[in-house]
Structure formats: structure tokens, C-alpha cells
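Results of the structural survey
Residue strings, one per chain:
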Amino acid sequence: MPELRDYAELAARFEAGRLDAKGFSHVDHIGVACQMLQQYEFLDAACRYGNALRGLAARAEVREKFNTTITLAFLGILSERMAETPHETFGEFLAKNPDLSSRALMATWYSDARLGSESARHRFLLPDRYNG
């Protein structure tokens, strides 16, 4: 398991625009998102997280990496899992949800073409794959 960080502190720096993209791992994205979902109601967390992530990408000069669809879909998955998974710590939550650490998670619901589209970067798109 990757080293876990102080996500309350990291989330505060992330939201304030004082976080360097270098070294901000996928697990860090998850930890910060979980922290913000605990701190704020879902829509407020989604807005704050999305704005902070867009700002982080802009400061790192990789604006094209921000994707509204991935951001909102992933926050929705995290919110649902957090409510349904009994856990005491973030490490325990990750251990019980190992698929969250996989970048391939979205392939369950979205094709690569849809997620990689310009439209997905700028607005939320519904899934184009049925998982049922």
C-alpha cells in the first residue's frame, strides 16, 4: 500500500491553491477528495474540488488534463463508497476498495473515446457503457 499522508492538511493546501502538482499521486487525489467529501456537502465538495483541481492543472501548465466528467464521476463513486464501506481510517477505506486505486475504474462505465473527448473535459457526460 502506498504511503498515506495527512489529507486534511493536503486538502487545505489543495483548496487554497498552494499545492504543487509534482508528487501529487493518484492516491493523493483520492485522499484529498475523500477529505473534502467529509468536510462539505456533495455539491459544494464537487465544486470546490473541481475548481482546485482545474487550478492545479493550470499552474502545472497541463490544463488539458482536467476532465469534468472524470472528476464528477469519480467523486460520485467515492461518495457512495464512503457511505457504504464501514471504515475507521482512509487506509482501511482504500484496503476495502482496491479498485479505486486503478486508473481503469472508469472503463466500467465509459469508453476511452468518450472520456478522452473534448466534451468530457468541459462538461459532465453520462456513461456510454451499461454495467448491469
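Residues numbered from 1 in each chain as written. Predicted model: local features only at pLDDT ≥ 70, side-chain atom pairs only at ≥ 80, totals over all residues. Heavy atoms only, no water.

Some points on the packing of helix H2 (residues 26-39) against helix H4 (residues 68-84)
- Two elements in contact, H2 and H4, have axes separated by 10 Å at closest approach and are oriented at 65 degrees. At the point where H2 passes H4, the crossing takes the right-handed sense. Every residue of H4 that contacts H2 at His26, Ile30, Ala33, Cys34, Leu37 and Gln38 is listed here: Phe74, Leu75, Leu78, Ser79 and Met82.
- Split into classes, the residues belonging to the contact of H2 with H4 amount to eight nonpolar, three polar and no charged. (Axes fitted to C-alpha atoms, helices over the stretch in contact; angles between N-to-C directions. Helix = DSSP H or I, 4+ residues; strand = E, 2+ residues; numbered from the N terminus. Left-handed = near helix turned anticlockwise from the far one by under 90°. Contact = heavy atoms within 4.5 Å. Nonpolar A, V, L, I, M, F, W, Y, C, P; charged D, E, K, R; others polar.)

Re the packing of aromatic side chains
- Evaluated as defined, the whole model comprises three aromatic pairs.
- Arranged with centres 5.6 Å apart and planes meeting at 20 degrees, the rings of Phe14 and Phe24 form a pair that is stacked. A residue pair is termed long-range when its members are at least 10 positions apart, and Phe14 in helix H1 (residues 7-15) and Phe24 in the loop between H1 and H2 qualify at ten residues.
- On the basis of relative accessible area, Phe24 is assigned to the buried category, the value being 10%.
- Residues Phe14 and Tyr49 carry aromatic rings whose centres are separated by 5.2 Å and whose planes lie at 40 degrees to one another, so their mutual orientation is tilted. Of this pair, Phe14 sits in helix H1 while Tyr49 sits in helix H3 (residues 42-59), placing them 35 residues apart in sequence. Comparing Phe14 with Tyr49, the two get one shared label, buried.
- Within the aromatic cluster, the residues linked to one another by ring pairs are Phe14, Phe24 and Tyr49. (Phe/Tyr/Trp six-rings, centres within 6.5 Å; stacked < 30°, edge-to-face > 60°. Buried < 20%, exposed > 50% of the residue type's maximum accessible area, 1.4 Å probe, protein only.)

In short, geometric facts, not functional conclusions.
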